[in-house]
Structures are given as structure tokens and as C-alpha cells.
Amino acid sequence: MKCKICKGKAVIKLKRHNIKLCKEHFNEFFIRQVEKAIKEFRMFSRKDKILVCVSGGKDSLVLWLVLSKLGYNVTGMYINLGIDEYSEKSKTKVINFAEKNNLKYTIVDLNELGYPIPELSKKSRRPECSVCGTVKRYYFNKIAYDYNFDVVATGHNLDDEASRLLGNILHWNDEYLEKQLPVLPAEGKMLKKKVKPLIRLTEQEIASFAFLNKVDYILDECPLSVGATSLVYKDALNLIEEKIVGTKQFFYLQYVKKLMKRLKNKNNEKGDIELKNCKICGMESFHEVCSFCRLVRDEK
Ligand code: FES
Ligand code: ZN
Ligand code: ZN
């Protein structure tokens, strides 16, 4: 197997692009895809302070590394979710990775704050993953606001977004469908812009990049996510991709294009929805009491 560019030894075959590449040219391809997403969707510039949400998994660690190599001003933020051994292991991976690559980071510890996810989920009688989503969103917004970040970046990839899109279509979740963009604008003063620079890359490409560049990430999945329906949608899309190469990319990226066009027209017609300050914690919210405070209050 030979690299299409230099004819050296190829280490990977990219089916959807119909090319084989050596390590050096695969890295170049990979980084180009990240830069392309950043520019195409106007995610951020080198002047911006970027908060990268890191979990210890391959996607977020790779994103953190690539953005720092590209010269962006990045700081990692890790949330210790209080999920026993899994959280301890992932925290160690994040700290070791940051030290090895000389990266800045900050940690929020839900055990110390008294909000470990399993406990919060039991007390509020809400599913763990939904509680986890609310708490994570709250702290990413809060830290980004408190420490003056311009943008919050997450490691969602093409598989994540395509499978979420499929799930939202299968259930006709109109409200969520409208939010499936790689960039969500800032709202008010406190809720910063959210971006997903890895959306042009698949899970497999990211895993290959991590392997070839010795990114030491946590292999275990979160034990609370076992049986998540999103995994079924990912499998279904992989099955189709096997037979019809390029489907995943076409499905998600074309949807984004169409949605952006539609929203542009719509935004010209309607005014902004007003944000309020949460009565309890002061963060901006669309309700009198923000969803985090409602969650934490429900437990009592
Ligand atoms: Fe949030 Fe597992 S990572 S519930
Ligand atoms: Zn090559
Ligand atoms: Zn609040």
C-alpha cells in the first residue's frame, strides 16, 4: 500500500476520499480538515481565548492537541463527574496529557461541589445522561464566562453529529433539529459561542490520528452510557456507509448547509428571544430559574 502523495509506505486507507496516505500526509490531511471547519463556519481566530471541553477520550484530547499545534490560545476544562473509577482514570489521562504536551487546564470537581452525577440522578429521578448534559453545559458556560473565554469548543465528530441527526429525524425533534449546527452563536453576555471543529472527521479517522500520534486516551466508555440509543444510530449509519461510501458526510454536512440557509432567512424576520438572569445563581437563562438550579433544587 503506497501513499498517494509521496509513494512512501501508506498507513491508512481513507475510503470516503478514496486515498491511501502515509503518516505524515495523513496528519496533514487531518489538520487541514480541522482548519477547513474552523474557517468555513467562522468558528474563531487566533485572537480568541478558547475553552476546550476535555473528557479524557480520544476526540477531546486530539482536538486540544491539534488546536494548540495550530497556534490557537486553548485551555482544557475537565469536569470530574464523580463516576467512580471511570472518572478517576479519565482525570489522570487528562492531567498526564496536559503535562506531556505543555497545555493549560482547569478542573471542576463535582464530588467536591456535592453534585456527583449518579447521586444527582437518583435524587432528581432523571436519567444519568440527561443530568450529566445539564450539569456539563452549566459549568462550561459558567467557567467560560467567569474567566473571560470567547468560545467553548467540544470534540464532537462526524459520527456523533450524523447519528444525532438521524435520531432527531426519527423522532421528529424539531426543536433539536434546529440546533444541529457546528457553531452555535453566543446568547446574551454569559452564554458563549459553542463550536465543533472536528465535524469533518470520522470517529475512525480520529482514532487513527490518536494512535499514530501516541495520544494516550481512556478507552473505556462511560459506564452510564451503556445501551445508549445513539450507539444504535451509529451502527446503522456505519452499515449504510459500508455499502454506500460517503453517506455519513453527505447526510450531515448537506443538512447543515440547508439549515444555515433557512435560519439566515428566518433570523431576518424574527427578533431575539429575551434572556433572564437566573433568580438563584445569576447565570443567564431562558427561564426564571436556570435548568441547573432547577435540577439541583429538585433533589432537595
Ligand atoms: Fe455523562 Fe456518562 S459522560 S453520563
Ligand atoms: Zn506520503
Ligand atoms: Zn441558576
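Given the structure is predicted, the values throughout are model-derived calculations rather than measurements.

A. Fine view of the overall build of the protein. Across its full length, the protein holds 12 helices and 10 strands. By the compact-globule yardstick of 19 Å for 300 residues, the protein fits well, its C-alpha radius of gyration being 20 Å. By its C-alpha atoms, the protein is 65 × 50 × 40 Å across when sized along the principal axes. Burial status across the protein gives 48% buried among its 300 residues. Sequence separation of at least 24 residues holds for 69% of the intrachain contacts in the protein that already meet a minimum separation of 6. Summed over all atoms, the accessible surface of the protein reaches about 16800 Å², with 52% contributed by carbon and sulfur. Side-chain charges of the protein comprise 54 positive and 38 negative groups, with the mean position of each set lying 6 Å from the other.

B. The arrangement of the coordination of the zinc ion (ligand 3) in detail. Taken together, Cys278 (SG), Cys281 (SG), Cys290 (SG) and Cys293 (SG) make up the protein donors of the zinc ion (ligand 3), found 2.3 Å from the metal. One way to put it: the 4 donor atoms around the zinc ion (ligand 3) meet at angles of 105 to 115 degrees, and that makes the site tetrahedral. In this structure Cys278 comes out as buried when scored by relative accessible area, which is 4%.

C. Representation of the pairing of strand 4 (residues 73-80) in the model. Here strand 4 lies mainly inside the structure; 7 of its 8 residues are buried. Summarising the sheet, strand 3 (residues 49-54) and strand 4 pair through 6 bridges and their orientation is parallel. If you follow Lys49 over to strand 4, its bridge partner there is Asn73. Once you follow strand 3 into helix 2 (residues 58-69) and on to strand 4, the crossover reads as right-handed. Direction of pairing for strand 4 relative to strand 5 (residues 104-109): parallel, over a ladder of 6 bridges. Bridging across to strand 5, Thr75 finds its partner in Lys104.

D. Structural context of the packing of helix 1 (residues 23-40) against helix 2. In contact at an axis separation of 11 Å, helix 1 and helix 2 are set at 85 degrees when each is read in the N-to-C sense. Regarding the angle of helix 1 to helix 2, the classification is roughly perpendicular. Contact residues: Phe30, Ile31, Val34 and Ile38 in helix 1; Val62, Val66 and Leu67 in helix 2. Each residue belonging to the contact of helix 1 with helix 2 can be placed in one class, and the counts come to 7 nonpolar, no polar and no charged.

E. Representation of the UniProt feature "domain: 2-thiouridine synthetase TtuA-like N-terminal LIM" (unreviewed entry) in the protein. Taken from the UniProt record, the annotation "domain: 2-thiouridine synthetase TtuA-like N-terminal LIM" (unreviewed entry) applies to residues 2-27. This span, residues 2-27, is 19% helix and 23% strand, and a straight line between its end C-alpha atoms measures 16 Å.

F. How the structure looks around the pattern of salt bridges. This model, assessed by the stated rule, comprises 15 salt bridges. For Lys15, the salt bridge is made with Glu242, and the minimal N-O distance between the two is 3.9 Å. In this pair, Lys15 is assigned in the loop between strand 1 (12-14) and strand 2 (19-21) and Glu242 in helix 10 (residues 229-243), connecting sequence segments 227 residues apart. Glu40 is the partner of Arg200 in a salt bridge, and the nearest nitrogen-oxygen pair spans 3.2 Å. Placement of Arg200 in the loop between strand 8 (193-195) and helix 9 (203-212) and of Glu40 in helix 1 is noted, with a sequence separation of 160 residues between them. With relative accessibility at 11%, the residue Arg200 sits in the buried group.

Scoring rules and cut-offs
- Residues numbered from 1 in each chain as written.
- Chains lettered and ligands numbered in written order.
- Predicted model: local features only at pLDDT ≥ 70, side-chain atom pairs only at ≥ 80, totals over all residues.
- Heavy atoms only, no water.
- Helix = DSSP H or I, 4+ residues; strand = E, 2+ residues; numbered from the N terminus.
- Rg over C-alpha atoms; globule rule 2.2 N^0.38 Å.
- Buried < 20%, exposed > 50% of the residue type's maximum accessible area, 1.4 Å probe, protein only.
- Contact = heavy atoms within 4.5 Å.
- Areas by Shrake-Rupley, 256 points an atom, 1.4 Å probe, with all protein chains shown as cover.
- Lys, Arg positive; Asp, Glu negative; His and termini not counted.
- Charge placed at Lys NZ, Arg CZ, Asp CG, Glu CD.
- Donors = N, O, S within 2.8 Å, 3.2 Å for Na, K, Ca; no water.
- Tetrahedral: all angles 85-135°; square planar, octahedral: opposite > 155°, others 65-115°.
- Pairing = 2+ DSSP bridges.
- Right-handed = clockwise from strand over helix to strand, strands pointing away.
- Axes fitted to C-alpha atoms, helices over the stretch in contact; angles between N-to-C directions.
- Parallel < 35°, antiparallel > 145°, perpendicular 65-115°, else oblique.
- Nonpolar A, V, L, I, M, F, W, Y, C, P; charged D, E, K, R; others polar.
- UniProt positions renumbered as here; feature names shortened; annotations may be inferred.
- Salt bridge = Lys/Arg side-chain N within 4 Å of Asp/Glu carboxyl O.

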